[in-house]
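A look at the structure
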Amino acid sequence: MLSVTQDISPQVKEVETVLPDCLASVHLLSKGLGHSAIPSASHAVKAAKEFREILDKTSNIFPKATSVHLFYSGPLALATLLGLQINPNVHPPIVSYEYGRAQVPHYQEVVRIGVESKPPLSESLSPEFIKDPFRNTPLMSYFSHMIKEKPLSGKRILILLHFLRDLIPFVQAMLKLGLDPSKSYFYYKKYPYPQRDAINHWLLGQGCNVRPVAEMDADLEILERQKDVSEKVLIIEDGGHIYPCILEKYPELLKRVHGCVEQTTRGRRNIEEALRKYKTKHRTMPKIPILNVADAKLKEDFEPPHVADAVVRNIRNFLGDVDFRGKSVAVLGYGTIGEKLAEKLKQEGMRVTVFDPDSHKTLKVSQVGLELSNSSIDAVRDKFLVIGTSGDCSIGRNEILELSHYTHLASTSSEQYEFAISELESLSGGRSTEFAPEGKVVGTVYRLRAGEKEVVLLANGYPINFWGLNSMPDQASDLIMTLLLLSLVDVAIGGSKKSGIDTNRVNEIAEEYEVAKLYLGHHQR
């Protein structure tokens, strides 16, 4: 354990029970915790030397050790220096962990150093795709060539999007529009994206900076101290992580932010909450446009059926030969995704119950032949499957206690918001096993002490439509990614004159560029 900015020993204790038998434990604790704990280069070199000495001693004392598990909390620059001390020819393989506030446990494995490498890029992404990534995304290709200026040139761009296949044509389009790879930062979430390593490898090959989202704060801290105040910073993200962090911690960097693009409802909510806190503290609001793609009409009309298809497809893949017909399912949340998902599940022959606290959303539930529940507790009783689509915590302790034996839980929302995983852990007393019906781990089974019943958390509470599969076919994502691209271009050129969250501007962009018409022209020939 290396604690520089904060003492991480309490969080590390969470994972000790799942680690192999430990031969020894070493904790390097900085004398003064905090971002100023390593005040100079000489201090960093000294810390790196101590780290190397410990690795050397470990190799000598435990020559048959199979791995060293590394937990770290500190600045990115020091982490880079520490990494240079690792010698795969001398030291055991290093298993590195990253911190995630919403993860359970908070520290989870992210990379192994000194073990057999992953398959080469050509085995994960076909050479044909790498050669022509626009083959199935012609709309992105069209606009990247149609816009002759280089609106992204000279901008520093912070990007947090899903590491799926469609990210590669998106980045290719950004490059054509002037993206400087050395000034771009790509952050990835801890989802089991099917080709994350290959996409990571490709981005690094373009000269981009690629990090797990846990390292974002360290990058922002470095950017906060930069002298070039004239440099414009753009943000495009999924989930509302980057902009709220800047609002809270980095006032100098905030002055350079020229605009933000957010593509999810959860992200929009996070930004709204961050703006409320900022206004309370500073008695003013930043004059920065935030283009809200999440609630844009084109996205709301087009995307939900594809997400619903991906959710049902993955649940079927997870559960194998289970016949859905006649089985009961609760859909918690009846927004655009919940509505299409309930419709899809009904088509699959399931008995669908819906709950949403917003009466306006549920007015038409009974009109389409679905059962409407008056509470989430009533909705989850006696269900084979419960799917959370609310974007908030839809299942807490009270709902968990009402679940039937072997109820399956699935989420469509970002991160692990939908289910109170800490309550599942507490109610099971730590009694959990991997859920692997066909030999592949696709979730966790919690054995609750109350009633000795088991509950299956599919995809460990992460959005099930991203678990090991691309969420949508390339042709479908072409439309949404194009809308994100054009929104990013708009904030780059200062097209939006409104400060704060702006959905209307995204609708205007879609109309001005005739996105829907051109999409049909490219994909429905």
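Our subject is the structure that appears above.
So, here's what we can say about the structure. (Residues numbered from 1 in each chain as written. Predicted model: local features only at pLDDT ≥ 70, side-chain atom pairs only at ≥ 80, totals over all residues. Heavy atoms only, no water.)

**Things to note about the overall build of the protein chain**
A tally of helices and strands in the protein chain yields 21 helices and 21 strands. Expected size for 525 residues packed as a compact globule is a radius of gyration near 24 Å; at 24 Å, the protein chain falls within 12% of this value. Principal axes of the C-alpha set define a box for the protein chain whose edges measure 70 × 65 × 55 Å. Each of the 525 residues in the protein chain was classed as buried or not, and the buried ones make up 51%. The long-range share in the protein chain, meaning contacts at least 24 apart out of those at least 6 apart in sequence, stands at 73%. For the protein chain, the computed accessible surface area is about 24400 Å², with 50% contributed by carbon and sulfur atoms. Of note, the protein chain has its 63 positive side-chain charges centred 3 Å away from the centre of its 65 negative side-chain charges. (Helix = DSSP H or I, 4+ residues; strand = E, 2+ residues; numbered from the N terminus. Rg over C-alpha atoms; globule rule 2.2 N^0.38 Å. Buried < 20%, exposed > 50% of the residue type's maximum accessible area, 1.4 Å probe, protein only. Contact = heavy atoms within 4.5 Å. Areas by Shrake-Rupley, 256 points an atom, 1.4 Å probe, with all protein chains shown as cover. Lys, Arg positive; Asp, Glu negative; His and termini not counted. Charge placed at Lys NZ, Arg CZ, Asp CG, Glu CD.)

**Examining the sheet that holds strand 2 (residues 28-29)**
Across the sheet, 3 strands lie side by side as 2-1-4; this open sheet has parallel pairing. At either margin of the open sheet sits one strand with a lone partner, and together these are strand 2 and strand 4 (72-73). In this structure, strand 1 (residues 2-3) lies alongside strand 2, joined through 2 bridges in parallel fashion. Counterpart to Ser3 in the pairing with strand 2 is Leu29. (Pairing = 2+ DSSP bridges.)

**Comments concerning the sheet that holds strand 17 (residues 407-411)**
The strand order across the open sheet formed by 8 strands is 15-14-13-16-17-20-19-18, and the pairing between neighbours is mixed. The sheet is open, and its two borders are formed by strand 15 (371-372) and strand 18 (432-434), each paired with just one other strand. Note: strand 17 against strand 20 (residues 454-458), 3 bridges, orientation parallel. Looking at the pairing, His408 lines up with Val456 of strand 20. Against the sheet, helix 18 (residues 421-428) makes contact with strand 17, strand 19 (443-447) and strand 20, and its axis sits at roughly 45° relative to strand 19, the strand it touches most. (Axes fitted to C-alpha atoms, helices over the stretch in contact; angles between N-to-C directions.)

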